[in-house]
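# Summary of the model geometry
Chain by chain, the residues:
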Amino acid sequence: MDKSKPSGSGGAVLNPRTTHREFMGFPGSVAVMTITTIVLYVWYFSCNETAGCQLPVTQSQWSAIAAHAADYRSYVSLEALAIYTMWWSWLVVLYFVIPGRTVQGVVLRNGQRLDYPINGLSSFLVTLCTAGLVYGKFGFVPFLWVADHFFQLAAASYMFSTAQALFVYLRSFRRPSHGAQPVMLALAGNSGNPVYDFFIGRELNPRIGALDLKYFNELRPGIMGWVVLNVSFAIKQYHTLGYVSNSMWLAVVPQIGYCIDTLLFESKVLTTMDITTDGFGWMLSFGDLTWVPVMYSLQARYLAFHPVHHSTVATALIAVMGVASFLVFRLSNSEKNAFRTNPNGPSVSHLRFIKTESGSKLLVSGWWGLARHINYTGDWMFGLAQCLATGFDTPMTYFFSAYFLVLLLHRNYRDECKCREKYKKDWDRYCEIVPCMFIPYVI
């Protein structure tokens, strides 16, 4: 369906044909799906307890990776797939049964607003208590199983996320029931090219009843799964060595704290581009369920079989770097959110801003007077501190930092383009007042 009925907002077509394609369209989407899949294989089969953790540079190393990848029976496991499906289903149940407030999302193109339950943190705490009960009954055994079957679970999440993306893509072609609103498509996901639309996401807010699939997958199975993996790898190290190294603490504690912080501010995700703009396709399904827990737990996985011992000074420096960068990230985001909620609030009423022709206000003092995307700087430095916890024996554990830099630069590019289109000459005026994007007085 190329076009739908008018949205009622100025007679505009609800689902116009996509004209601008992200990632260079079809070839870019194929490249991203292929490269990210290869990265999963390479970073596991060349960084594990048997192979060590060195970037493959020789033909024999690449041949060994290809041979391991071809032996799919060693990592495609029905048991792992069943356990992963139960994990996802467990969180769906909590999504519905855990009490919490309901928040409305942004106004959609059809003038409607969707309701979202804010109970992610409560679901996490219930899951944490359940994990405690499991430990009381079985000890370390279930957690050691998770650590020892890491790639089987990764493969299971990959199959699940791909199947989910295919499901929502095919379902986006459904005909609405009599009197119902037409299916709302993402503006970037209605190109007519099935591969690209499957990748980028065709439907904006796919729902099964009250279950919003995009919102649910954004923070719950992957973010909480990341915590489970980190804890399992720390237990694996303790089981092997009899202690948990200071490097493991430096990597795992900040990451778990970051996950808790994300769930604590769950409602803020409703104003992000992932929710308001992007469709739910392979990119988000794979990213949420597979990429985040599998690749972001790399530091803990590496330290489980290659413990690093830092001096007291190095430990303190890395910890201070992590805390300081997290504060930049959290305080800048909190300031922005407080200003959006109530510009006259006591914590932000003193801040200077410029008013745009669109009616929006752009902060030009406080954190946002220092740099236009200073929260990205804090976010990246926070991740770098966790990579530094792994030492310097291999560059592979710094993939998280390198990838996150590319991700944030791409997100910055999208933000800048969106703001320039929305605010026009006011954005130029804003950039003159706040010339730096990331680091005050530098860049």
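Criteria and thresholds
Within any chain, residue numbers begin from 1 and follow the written order of that chain's sequence. Owing to the predicted nature of the model, reporting of local features is limited to residues with pLDDT of at least 70; listing and counting of side-chain atom pairs is limited to 80 or more, with chain, interface and lining totals taken over all residues. Processing note: side-chain calculations cover all non-hydrogen atoms of the structure and skip hydrogens and water entirely. What counts as a salt bridge is simple: a side-chain nitrogen of Lys or Arg found within 4 Å of a carboxyl oxygen of Asp or Glu. Runs of E in the DSSP output that reach at least two residues are strands. Runs of H or I that reach at least four are helices, and both are numbered from the N terminus. When the sulfur atoms of two cysteines come within 2.5 Å, that pair is taken as a disulfide. Each residue is placed in one exposure class: buried if its accessible area under a 1.4 Å probe, protein chains only, is under 20% of its type's maximum, exposed if it is over 50%, and partly exposed if it falls in between. A fitted line through C-alpha atoms serves as each axis, taken over the contacting stretch for helices, and the angle formed by two N-to-C directions is quoted from 0 to 180°. Note on terminology: angles under 35 degrees are roughly parallel, angles over 145 are roughly antiparallel, angles of 65 to 115 are roughly perpendicular, and the others are oblique. Any two residues whose heavy atoms approach within 4.5 Å at even a single point are treated as in contact. Charged means Asp, Glu, Lys or Arg here, nonpolar means Ala, Val, Leu, Ile, Met, Phe, Trp, Tyr, Cys or Pro, and polar covers whatever is left, Gly included. Cavity: a set of points on a 1 Å grid over the protein atoms alone where a 1.4 Å probe fits but cannot get out. Pocket: an open set with protein on both sides within 12 Å along at least five of seven lines, its lining residues, like those of a cavity, having an atom within 4 Å of a point. Grid points are joined across faces, edges and corners, and a volume is the space filled by probe spheres set on the points.

As a further point, take the pattern of salt bridges. The final tally for this structure, using the stated rule, is 11 salt bridges. Across the pair Asp 148 and Lys 236 runs a salt bridge, and its minimum N-O distance is 2.8 Å. One end of the pair, Asp 148, is in helix α5 (residues 141-148); the other, Lys 236, is in helix α9 (residues 221-241), and 88 residues separate them in sequence. Here the salt bridges do not stand alone but share partners, grouping Glu 22, Asp 278 and Arg 414 into one network.

Summed over all chains, the structure comprises one disulfide. One disulfide bridge connects Cys 47 with Cys 53, the sulfur atoms lying 2.0 Å from each other. Between Cys 47 and Cys 53, the S-S dihedral sits near -90°, and the bridge is therefore left-handed. The pair formed by Cys 47 and Cys 53 is uniform in burial state, with each residue classed as buried. Not engaged in a disulfide, the cysteine Cys 129 finds its nearest cysteine sulfur in Cys 259; these two sulfurs lie 17 Å apart. You can call Cys 129 exposed: its relative accessible area is 54%. Left without a disulfide partner, Cys 387 is nearest to the cysteine sulfur of Cys 53, which lies 12 Å away.

Turning our attention to the packing of helix α10 (residues 246-264) against helix α14 (residues 312-341). For the pair α10 and α14, the least separation of the axes is 10 Å and the interaxial angle reads 10°. Between α10 and α14, the angle falls in the class roughly parallel. The residues of α14 that touch α10, namely those facing Asn 246, Leu 250, Tyr 258 and Asp 261, are Thr 315, Ile 318, Ala 319, Phe 326, Phe 329 and Arg 330. When the residues that make up the contact of α10 with α14 are grouped by side-chain class, the tally is six nonpolar, two polar and two charged.

Under the counting rule described, the total for this entry stands at two cavities of 30 Å³ or more. Computed from the structure, the largest cavity encloses a volume of approximately 50 Å³. Taken together, Gly 105, Val 106, Leu 108, Leu 114, Tyr 116, Asn 205, Leu 270, Ile 275 and Thr 276 form the lining of the largest cavity. Of the residues contributing to the lining of the largest cavity, the split by class is six nonpolar, three polar and no charged. Of the voids in this model, the second largest cavity is the one considered here, and its volume is about 30 Å³. Every residue lining the second largest cavity is listed: Leu 40, Trp 43, Tyr 44, Phe 150, Val 294, Met 295, Leu 298 and Arg 301. Of all elements in the fold, only α1 (26-45), α12 (282-296) and α13 (298-305) reach the threshold of two or more residues within the lining of the second largest cavity. Top element by residues in the lining of the second largest cavity is α1. It accounts for three residues. Its residues placed into classes, the lining of the second largest cavity shows seven nonpolar, no polar and one charged.

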